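# Residue-level structural notes
Single-letter residue listing:
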Amino acid sequence: MPERVGVYICHCGSNIAGKIDIEKLAGFAEKLDNVALVRDYKFMCSDPGQNLIQSDLEAGLIDRVVVASCSPLMHENTFRKVCERSGVNPYLFTMTNIREQCSWVHIDEASSTEKAMDLLAASVRRAVYLEPLEKREVAINPRTLVIGGGIAGIQAALDLAEAGKEVVLVEREPSIGGHMAKFDKTFPTLDCAACILTPRMVQIGQHANIHLMSYAEVEEINGYVGNFNIKVRQKARYVDADLCNGCGMCWEKCPGTRVPRKGNVHEKLSLGPTSSIYMPFMQAIPAIPVIDRESCLYFQKGKCRICEQVCERNAINYDMEDSFEEFEVGNIIIATGFQPFDPSVIKRYGYGTLPNVLTSVEFEIMNCASGSTGGKILKADGTEPKSIGIVHCVGSRDKHYHEYCSRVCCMYALKFAHLIKEKTDAEVYNFYIDLRCFGKGYEEFYDRLLGEDVRFIRGKVGEISRWVAEEDEKDQLIVRVEDTLVGAVRRIPLDMVVLCTALEKQDGLDRVAKMCSVSVGKDGFIIEKHPKLGPVSTATDGVFIVGVAQSPKDIPDTVAQASAASSAVLSMITREKIEIEAATAEIIEEKCSGCRICNNLCPYLAINFDEEKKVSIINEALCKGCGTCVAACPSNAITAKHFNDKQIFAEIEGLLSAR
Amino acid sequence: MKLKVGIYWGAACGGCDVAILDTHEKLLDIAAKMDIYLWPIALDFKYDDVKKMEDGYLDAAIYSGAIRNSENEEIAILLRKKSKVMIALGACAHLGGIPGLANFYTRDEMLKRIYIDSESTINEEGVIPLESWNVKEGELDLPRFYNTVKTLDQVVDVEYYIPGCPPVPLQIYSALSLIWDDMLPPVGSVIGAGDKALCESCPRVKEEKTISEFKRIQQVLPDPEKCFLEQGLVCLGAATRSGCGARCIKSGVPCRGCYGPLDDVPDLGIKMLSAIASVLEPKEEKEIDDVLDTIVDPLRTFHRFSMPASILRRKKE
Amino acid sequence: MEFEPKLVGFLCNWCSYTGADLAGTARISYAPNLRAIRVMCSGRIDPTFIIKALYEGADGVLIAGCHPGDCHYQEGNYKALRRYKLLKRILPEYGVEPERVHLEWVAASEGEKFAKVVNEFTDKIKKLGPLNMKQSIFDSMKEDIVVHESAGEEKGGEADEA
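All values reported here derive from a predicted model rather than from experimental measurement.

Let us now look at the side chain of B:Asp17. Along the chain, the position of B:Asp17 falls in helix α1 (residues 15-21). Residues in contact with B:Asp17, not counting those within four places in the same chain, are B:Ile7, B:Trp9, B:Trp39, B:Ile41 and B:Ser64.

Here helix α9 (residues 268-278) of chain B crosses helix α3 (residues 76-90) of chain C at 135°, and the two axes come no closer than 8 Å. Classified by the interaxial angle, the pair formed by α9(B) and α3(C) is oblique. Crossing of α9(B) against α3(C): the hand is right-handed. In contact with B:Ile270, B:Leu273, B:Ser274, B:Ala277 and B:Ser278 of α9(B), α3(C) contributes C:Lys79, C:Arg82, C:Arg83, C:Leu86, C:Leu87 and C:Ile90. Partitioned by chemical class, the residues of the contact of α9(B) with α3(C) number six nonpolar, two polar and three charged.

Before going further, it helps to examine the domain arrangement of chain B. You can read the domains of chain B as domain 1 (3-99 + 147-180), domain 2 (106-145) and domain 3 (198-298). Put simply, the middle of domain 2 of chain B and the middle of domain 3 of chain B, counted by C-alpha atoms, are 39 Å apart.

Residues and elements named next belong to chain A. Of all six residues in strand β1 (residues 5-10), six are buried, a share of seventy percent or more. Residues Val5, Val7 and Ile9 line one face of β1 and the alternating positions Gly6, Tyr8 and Cys10 line the opposite face, and both faces are buried. Considered for its hand, the β-α-β crossover made up of β1, helix α1 (residues 22-30) and strand β2 (residues 35-41) is right-handed. Sheet topology note: the β1/strand β3 (residues 64-69) ladder contains five bridges and is parallel. Bridge pairing in β3 places Val5 opposite Arg64.

Moving on, we come to helix α6 (residues 151-162) of chain A. Residue pairs spaced three or four apart in an α-helix point in one direction, given the helix's 3.6 residues per turn. All names here are of chain A. Across its twelve residues, α6 extends 16 Å between first and last C-alpha, which sits within 8% of the 16 Å expected from 1.5 Å per residue. Within the sequence span of α6, burial applies to Ile151, Ala152, Gly153, Ile154, Gln155, Ala156, Ala157, Leu158, Leu160 and Ala161. Buried positions along α6 lie against β6 (144-147), β7 (167-170), α7 (193-206), β10 (210-213), β16 (331-334) and α15 (555-575).

All names here are of chain A. With five of five residues buried, strand β4 (residues 93-97) lies mostly within the body of the structure. Side chains of β4 alternate between two faces, with Phe93, Met95 and Asn97 and Thr94 and Thr96 buried alike. Strand direction decides the pairing type here: β3 and β4, joined by five bridges, are parallel. Its bridge partner lying in β4, Val65 is registered against Phe93.

The subject of this paragraph is helix α17 (residues 645-655) of chain A. Counted residue by residue, α17(A) has nine buried out of eleven residues, so it is predominantly covered. Among all positions in α17(A), only A:Asp645, A:Gln647, A:Ile648, A:Phe649, A:Ala650, A:Glu651, A:Ile652, A:Gly654 and A:Leu655 are buried. Check the buried side of α17(A) and you find it contacts α5 (109-129) of chain A together with β1 (7-12), β2 (34-39) and α2 (47-56) of chain C. Capping the start of α17(A) is the job of one residue whose side-chain oxygen sits 3.1 Å from the backbone nitrogen of A:Lys646: A:Asn644.

Taken together, the contacts link 53 residues of chain B with 43 residues of chain C. Between chain B and chain C, roughly 4500 Å² of surface is buried when both sides are summed, and carbon and sulfur atoms account for 59% of that area. Along the contact surface separating chain B from chain C lie eight salt bridges. One salt bridge in this structure joins B:Lys283 and C:Glu75, with 2.5 Å as the shortest N-O distance. Linking chain B with chain C are 18 residue pairs in polar contact (both at pLDDT 80 or more), by the criterion used here. Those elements that provide at least two residues to the side of chain B that touches chain C are α4 (70-82), β8 (145-150), α9, α10 (285-292) and α11 (298-302) of chain B. Its residues placed into classes, the side of chain B that touches chain C shows 23 nonpolar, seven polar and 23 charged.

Turning our eyes to something else, we now look at the sheet that holds β10(A). Residues and elements named next belong to chain A. An order of β10-β7-β6-β16-β27 is seen for the five strands of this open sheet, with the pairing classed as parallel. A single partner strand is all that each edge strand has here, and the edge strands are β10 and β27 (543-545). Taken pair by pair, the neighbouring strands of this sheet meet at an average axis angle of 20°, ignoring direction. Inspection of the sheet shows β7 paired to β10 by four bridges, in the parallel sense. Bridging across to β10, Val168 finds its partner in His211. Sheet strands in contact with α6 are β6, β7, β10 and β16, and its direction is about 165° off that of β7. Docked against the sheet, α15 engages β6, β16 and β27, running at close to 175° with respect to β16.

Parameters at a glance
Residues numbered from 1 in each chain as written. Chains lettered and ligands numbered in written order. Predicted model: local features only at pLDDT ≥ 70, side-chain atom pairs only at ≥ 80, totals over all residues. Heavy atoms only, no water. Helix = DSSP H or I, 4+ residues; strand = E, 2+ residues; numbered from the N terminus. Contact = heavy atoms within 4.5 Å. Axes fitted to C-alpha atoms, helices over the stretch in contact; angles between N-to-C directions. Parallel < 35°, antiparallel > 145°, perpendicular 65-115°, else oblique. Left-handed = near helix turned anticlockwise from the far one by under 90°. Nonpolar A, V, L, I, M, F, W, Y, C, P; charged D, E, K, R; others polar. Domains from an automatic or database assignment. Buried < 20%, exposed > 50% of the residue type's maximum accessible area, 1.4 Å probe, protein only. Right-handed = clockwise from strand over helix to strand, strands pointing away. Pairing = 2+ DSSP bridges. Expected span 1.5 Å × (residues − 1). Polar contact = N/O pair within 3.5 Å; in protein donor to acceptor, adjacent residues only side chain to side chain. Buried area = accessible area lost by both parts, 1.4 Å probe. Salt bridge = Lys/Arg side-chain N within 4 Å of Asp/Glu carboxyl O.

Structural data, given as structure tokens:
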């Protein structure tokens, strides 16, 4: 029996009926091949509208459904559910968009109606070739991988662990804590960062549901939502974690001096010991030191072994090698954070060449009670500065570096100004473009600063130099800036300058993104599923992003995202099973010649080559149904379910058949 | 009872007929099973004898060559009428073949090129053959040279296709044996060939493909073990039906597509274009252009044998 | 009567079709000549579809996908771009002006751009005039008929719709 298509035309009140001659459209539809019945209704998406379809399907009058109404992005799901309720496969339904594509965008009724007829003819032809598809479900592994142990990863891991779910937290550095562990105070409340962070770090270390892998990196991610296979490289610490009790003898006696790495903090401003065997900072979790091979005398020169001698627990093991751990998880949270922009590329700011030009991270450490200055603000010569400039937007809001706003600089610059005023008698200058104080309590904090005798100069700093003019300026930095409120270029001698550097994508984020099959935008941050409605999800099911991995943000927003992501993961885990895309691509083995054209076209690595059978195969659990391989297959051995060649050809013919 | 068969060549080089003879001793089998009533290149060429037959008298007509002129078409129609089964033999009857490349030109352009402009021609008066000429005995005429080359099935209904330029002799034999063994597949089938693309029977090692430059066979000494396409040599094997035994590949030449497209591929050339473009390396427009510049004459390369059987069939005038 | 071209658009679901929806939601009016076919990704667009559309009567074909780097499926749009570039090169061989096939990146947020693209493309094709591919192919076969004593009914010159 030939396919019997039911056509349902929606008036959408006057949204459609006001611009399209419904009677004419219905009359046209009645004459199309395979059309068994045509109905129109005021609102097809309403209950009575849906019931029209349901009763026709249940009465067996039709076996395919075409609804001519709004965009499929709006109501495709609504009508698929109607089919399902009526015991008909939801993929035997197709939609004609005569609202967004016609009545809302075309002025003339005649041409709107004509276009609607063409679109409807295409849908009816397509409907004839639709095939029922099977819904597929996969089980969700309840364990979650969290990549990155900053405040984002810590929050997400704790939320999940507290809910009774297993978490593997992988951190690249020897300790968790991230950037927040380097801060003294947080804006705008000025509460002590360590006081709020450290207890959470301890919780991570002790939680029965959290497997913490610090000084480790994710090497490989394979699989798909619910079933990811993870391989992690545990870098050699040369210290046996089971034996070490963190007593500190080793780093106290170590004669080596660690050379700071790029992206890490300035050596003189280290939070922890600068020895070769070191703990990144005193509250590190896990509280286990690491040997820095680059500077260790034993590894470089073959002798020393002092740490081994002083260790009462015999925890030092120079023969330790990187090891690998493999496990499965159901979901992945990317919480890799940021790296600070390197301001030395802006030569005119003199970072790296002029003394007393610091980055904001360095200034944070200087302010931190456990840092090498003990929380005192000191110049390189050990004296207290009399004047300090804070330069906003270094590398942010700048076409040459990063166009985006880093979002946190204005507020921490205000915090710096406050701390300077609190700790010293120095004059403070803020050089800003705009002050963006948008969060809860932020504007109030700015108001408070205005009363603290802090100077605000609106303008972008042109240069920082040693171009001194007077004898009393000889140790000073000369800042030249256009004061755009006064309309004059000013020359300001200062003892110290802090550069509020941009937050940029974490080193290695591209690699993580590639492993997880998610895309990065042109700013380098991972693209979320939807900027408003899916801020922590990604295009890959089961992969979530939180914190600066998605875009620059402050601690409250990061924590909010982390909890959002963990709740999204929890909802996945609670479902136990997840329905995955039914409209995937499929390789028909009998037609595949094994040419391997398709093999590296799949962004999700869903296509593999079976060496035995000499044919390519698609892992349908990984396939997202984009159809790129289908268009490329030279022997049409691959079909795209729900978008196969026959269906699309029928649509083309339908579109062009009327005239 | 022996089968009654007619064999004919339209616009063809005769290679298909030679391929029938190249069945060697199997030819004796063929002769034992079939009585050949028409075979202009080898035996009998009297159209009138065929015209006198009752409709459907022949069990099979085997037609090689494209439809290039009115004689080709007339005999195709005649044989169709007189035969129970019509078989298109070879790339020209199947797809239009090499003569089909003429569809990139018009009839006038072709005649001008052949009779006037060609380098080896001296034709100062610009004489081009006329279709008819009156002499005192009456009117003489020549078949009309068509504007567009057609496949056999564009002028008559065809039951079966034996592809190839030329078809592999043994496969002609086995395809014919399907007739006398009464084992013919559903009408419309390609017989005497595979169901997959040529890569299936290609002995070369195939890997994932990324192309950053195209070369021509005379410019390089290709690695004999490695897939041609991966070496930047345009090979149509991935889009072409197998069955030839990879004879070109084994001789060190990439596939040129004579066995035609796979089932459900409406346009071999365009499909190959899609496949090749998909595996280009660059992403930036300029770099893509640089790579594409290295493909010489892409459309005629992709449509070397199949232009008349493609969606657009010919160049628009 | 002014020539009203018939245009076929292949729009990717995530960016361009959504962009077109936005043009609708924002009531930005544009030329009614384009008829859209929704595919999940511009990477699904087989050049065969475009050739087929031209053959079936389209005067122009628009391909629209996500901007480079923004593809919902990461890189489908790059594949679309490569195929498009090669296809454009061969169109003149068919006697088809390459401008009749046009690719444009339209983001989900670019409702206005979508409308502009459709308007500009419509204008461009209006200037080029009708394509009439199928008709012209069969017109050029009109003279290809059996002139000799025929053995049966004529089939030459007729459209073969099989």
